[in-house]
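Coordinate analysis (summary)
Each chain, written out:
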Amino acid sequence: MCKLIRMDHTGHSTLAEWTPDDPVAVQDAVAAFRTQLDRGYLAMVSTGPGHAEQVRELPVEAPLVILRLPIAGG
Amino acid sequence: MPAEPRVLGRDFEVLPETASVHWRPRVTEDRLRRLGRLWTLTTAAHVVPFLGAAGLLLWLNPLTVPVAVMCVAHAWIIPELYAQRGANVLRAHGRRAAEPERRALGLLGDLVGHDARDLLTATGLVVERGSLGTWLVGEAGALLLRRRRVYCYCVRVDMRLPGASELPSGDRVAHLLLALRADEHGFATVANLAFSGARWRLRRRMRAAMRPALDAAVKDLDTLSSGER
């Protein structure tokens, strides 16, 4: 089961869960993904130990997609 | 319409936040070295005149000892204040309710390895090996360790955005960690350099509870260095 989660005040919220072979669930996940990107979130996927990649389209095969807010110098 | 499946790990994308600091040159190995030298020169420019003045006063008249001592104290205090500024980037910014903190810590724990998870629980900091050196990531800042020098960066979730101030501490660390993993050089470009100097100077200014994390990062750096030899 793949998951789209957003880091927020609750720790994190699961916004969508899907399996790549379920087109309806994928469609819902894509819609949730795009809504969050429109709200200013950035989507990240781990690509191995110590590596992550920003994604602009939902990678439907990725087991975990994490939404984060942008960072800035303090 | 479902998204087109994409293959991960093939595209490298610059951290989008670098657009907000477009005037800054992207951080590279050379630029880090230059910045380090500049910090050393700045420190020397603060310390040497005071020490020189102290020596001169004593040479002119031994009765000026109190003034000379004050000069030496200034020469000692100024680098310490800079180091304190560096240590402040790791300062914790308060915890939220227990449940969000637990969930955030769980997610962060999944992002890091077993050893890093234990250290995170004990110190609130994550050790992360990068191509520029070894990083120590906190809630609102990060240290970059390179040989005997440390670079202290002030960087955090953009607080102007809705919901940013309500994030649990674990999530704040996870935000920085993911950005760092996506584009290390971009991360260092976005972050503000608060201090660069000797490791020992910074260690003394860090909270005692956080020092084991610095020690672990130094150990990782040593492992990295010995592996390169």
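No experiment lies behind these values; they were computed from the predicted model shown.

Scanning chain B for helices and strands turns up 8 helices and 5 strands. Reading chain B from its N end, one meets helices and strands in the order α-α-α-α-β-β-β-β-α-α-β-α-α. Expressed along its principal axes, the backbone C-alpha trace of chain B runs to roughly 85 × 40 × 40 Å. When contacts within chain B are restricted to residue pairs at least 6 apart in sequence, long-range pairs at least 24 apart make up 71% of them. Surface accessibility of chain B: about 11900 Å² in total, with carbon and sulfur atoms responsible for 60%. Taken as two groups, the 33 positive and 23 negative side-chain charges of chain B have centres that lie 8 Å from each other.

Residue and element names in this part refer to chain B. Together, Leu56, Trp59 and Leu60 line one region of the surface with nonpolar side chains, adding up to about 410 Å² of accessible area. With respect to the helices and strands, the residue leucine 56 is situated in helix H1 (residues 29-60). For leucine 56, a relative accessible area of 47% translates into the label partly exposed.

The next subject is the pairing of strand S3 (residues 141-146) of chain B. Residue and element names in this part refer to chain B. Judged by how many residues are buried, S3 sits mostly within the fold: 6 of 6 residues are covered. Burial along S3 is two-sided: Gly141, Leu143 and Leu145 and Ala142, Leu144 and Arg146, pointing in opposite directions, are all buried. In this structure, strand S2 (residues 134-137) lies alongside S3, joined through 4 bridges in antiparallel fashion. Residue leucine 136 lies in a different strand from S3, and its bridge partner there is leucine 143. Between the end of S2 and the start of S3, which pair antiparallel, lie 3 residues. Relative to strand S4 (residues 149-157), S3 runs antiparallel, the two sharing 6 bridges. Residue pairing for S4: leucine 144 is matched across the bridge by tyrosine 151. Joining the antiparallel neighbours S3 and S4 is a turn of 2 residues, in which arginine 147 adopts a positive phi near 50°.

Once that is clear, we can look at the interface of chain B and chain A. The accessible area lost on association of the parts is a frequent measure of interface size. Contacts between the two partners involve 44 residues from chain B, matched on the other side by 38 residues from chain A. Of the roughly 3400 Å² buried at the junction of chain B and chain A (both faces included), carbon and sulfur atoms supply 62%. Taken together, the links from chain B to chain A amount to 1 salt bridge. With 8 residues, helix H5 (residues 169-182) of chain B is the largest single contributor of residues to the side of chain B that touches chain A.

This next bit is on the environment of valine 14 of chain B. Positionally, valine 14 of chain B belongs in the segment before H1. Separated by 50 residues in the primary sequence, valine 14 of chain B and threonine 64 of chain B place their C-alpha atoms 58 Å from one another. The residues touching valine 14 of chain B, leaving out its near neighbours within four places in the chain, are Gln54 of chain A together with Arg26 and Asp183 of chain B.

Quick look at the pairing of strand S5 (residues 64-68) of chain A now. Remember that side chains alternate between the two faces of the sheet whenever the strand is regular. Residue and element names in this part refer to chain A. A large share of S5 lies buried, amounting to 4 of its 5 residues. As defined by bridge partners, strand S1 (residues 2-6) adjoins S5 across 4 bridges and the pair is classed as parallel. Counted as the bridge partner of arginine 6 is leucine 67 from S5. Sheet analysis places strand S3 (residues 42-48) next to S5, joined by 3 bridges and oriented antiparallel. Opposite leucine 42, over in S5, you have arginine 68 as the bridge partner.

Cut-off values and rules
- Residues numbered from 1 in each chain as written.
- Chains lettered and ligands numbered in written order.
- Predicted model: local features only at pLDDT ≥ 70, side-chain atom pairs only at ≥ 80, totals over all residues.
- Heavy atoms only, no water.
- Helix = DSSP H or I, 4+ residues; strand = E, 2+ residues; numbered from the N terminus.
- Contact = heavy atoms within 4.5 Å.
- Areas by Shrake-Rupley, 256 points an atom, 1.4 Å probe, with all protein chains shown as cover.
- Lys, Arg positive; Asp, Glu negative; His and termini not counted.
- Charge placed at Lys NZ, Arg CZ, Asp CG, Glu CD.
- Patch = residues over 30% accessible without salt bridge, like charges linked within 9 Å, V, L, I, M, F, W, Y side chains within 5 Å.
- Salt bridge = Lys/Arg side-chain N within 4 Å of Asp/Glu carboxyl O.
- Buried < 20%, exposed > 50% of the residue type's maximum accessible area, 1.4 Å probe, protein only.
- Pairing = 2+ DSSP bridges.
- Buried area = accessible area lost by both parts, 1.4 Å probe.

Honestly, that's just the spatial picture; any functional story needs more than this.
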